[in-house]
Amino acid sequence: RRELSASASPARSAGFASGDFSDVERAAAAKIAQAQADIEAKKKEHLRKRQALLDMGFTERIAMRALVATNYDVPKAAKWIHDHPGLIADDADADSVDPAGFVSPQISPRGPRGGG
């Protein structure tokens, strides 16, 4: 077992010279910048795909559900929507959903339970 002297730093014992940290930091910063650029490119791609479905006449709510369900594959998303016709009816009822996602009760002219 090798003991480290009091003057030996953990970084030096790991093989890093004192100037190597700036290289490591630059490499990490470059990786972070690349990851951020990749995220921005993916966002733009997703927005483009969403817009393609919107241009086909689907609502944003349905387009996003289909894209998520099909891993953002536009042709598969369009087919997915056509294979789930209940989505169109559900989307027509979206007016009864408030922005927080709570469903409002459907109240008929006879009252909430259908009685008069």
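Scroll up to find the structure.
Throughout, a residue's number is its position along its own chain's written sequence, starting from 1. The predicted nature of this model means local features are confined to residues of pLDDT at least 70 and side-chain atom pairs, given and counted, to a pLDDT of 80 or more, with totals for whole chains, interfaces and linings taken over all residues. Only hydrogens and water are removed before side-chain values are computed, so all heavy atoms of the structure are retained for them.

A. Fine view of helix H3 (residues 60–69). Categorising residues by exposure relies on relative accessible area from a 1.4 Å probe, with only protein chains included: less than 20% of the type maximum marks a residue as buried, more than 50% marks it as exposed, and the intermediate range marks it as partly exposed. Segments assigned H or I by DSSP are reported as helices when at least four residues long, segments assigned E as strands when at least two residues long, and all are numbered from the N terminus. When H3 is considered as a whole, its buried residues turn out to be Ile62, Ala63, Ala66 and Leu67. Around the axis of H3, the buried residues are gathered within 130 degrees of arc, so they sit on the same side. Of the residues flanking the end of H3, it is Asn71, one or two places downstream, whose phi is positive at about 55 degrees. Throughout, the arc means that of the directions going from the helix axis to the C-beta atoms.

B. Looking closely at helix H4 (residues 74–83). Burial in H4 covers these residues: Val74, Ala77, Ala78 and Ile81. The buried residues of H4 all sit within an arc of 100 degrees when viewed along its axis, so they share a single face. For H4, exposure combined with an orientation more than 90 degrees from the buried face picks out Pro75, Lys76 and Lys79. Sitting at the amino-terminal end of H4 is Asp73, which places a side-chain oxygen 3.1 Å from the backbone nitrogen of Lys76. By the criterion applied in these results, polar contacts are pairs of N or O atoms within 3.5 Å in which, for protein atoms, one can donate a hydrogen and the other can accept it, and in which residues neighboring in sequence qualify only through two side-chain atoms.

C. Just unusual backbone geometry, in detail. The phi torsion at Asn71 lies on the positive side, around 55 degrees, for a residue other than glycine. Mapped onto the elements of the fold, Asn71 is located in the loop between H3 and H4. With a phi angle near 60 degrees, Tyr72 is a residue other than glycine that sits in the positive phi range. Looking at the secondary structure, you find Tyr72 in the loop between H3 and H4. The exposure class assigned to Tyr72 is buried, which follows from its relative accessible area of 15%.

D. Representation of the nonpolar core within the structure. Membership of the largest hydrophobic core is limited to 12 residues, which are Leu53, Phe58, Ile62, Ala63, Ala66, Leu67, Tyr72, Val74, Ala77, Ala78, Ile81 and Leu87. Contributing elements (two or more residues each) for this core: H3 and H4. In these notes, a set of buried Ala, Val, Leu, Ile, Met, Phe, Trp, Tyr and Cys residues joined through side-chain atoms within 4.5 Å is what counts as a nonpolar core.

E. Region of interest: the side chain of Lys49. Within the secondary structure, Lys49 is located in helix H2 (residues 20–55). For Lys49, the side chain forms a polar contact with the main-chain oxygen of Tyr72, separated by 2.9 Å. Those residues in contact with Lys49 that sit more than four places away from it in its chain are Leu67, Tyr72 and Val74. Contacts between residues were defined by any pair of non-hydrogen atoms, one from each residue, lying within 4.5 Å.

F. Examining the side chain of Arg50 more closely. With respect to the helices, strands and loops of the structure, Arg50 is situated in helix H2. Once you skip the residues sitting within four places of it in the chain, Arg50 turns out to touch Glu60, Met64 and Leu67.

G. Region of the structure containing the pattern of salt bridges. Definition used for salt bridges: Asp or Glu carboxyl oxygen within 4 Å of a side-chain nitrogen of Lys or Arg. On inspection of all chains with the given rule, the structure shows six salt bridges. Across the salt bridge formed by Lys43 and Glu40, the nearest N and O atoms sit 3.4 Å from each other. Of this pair, Lys43 and Glu40 are both found in helix H2, three residues apart, which corresponds to roughly one turn of the helix. Overlapping salt bridges bring together Lys42, Glu45 and Lys49 as one network.

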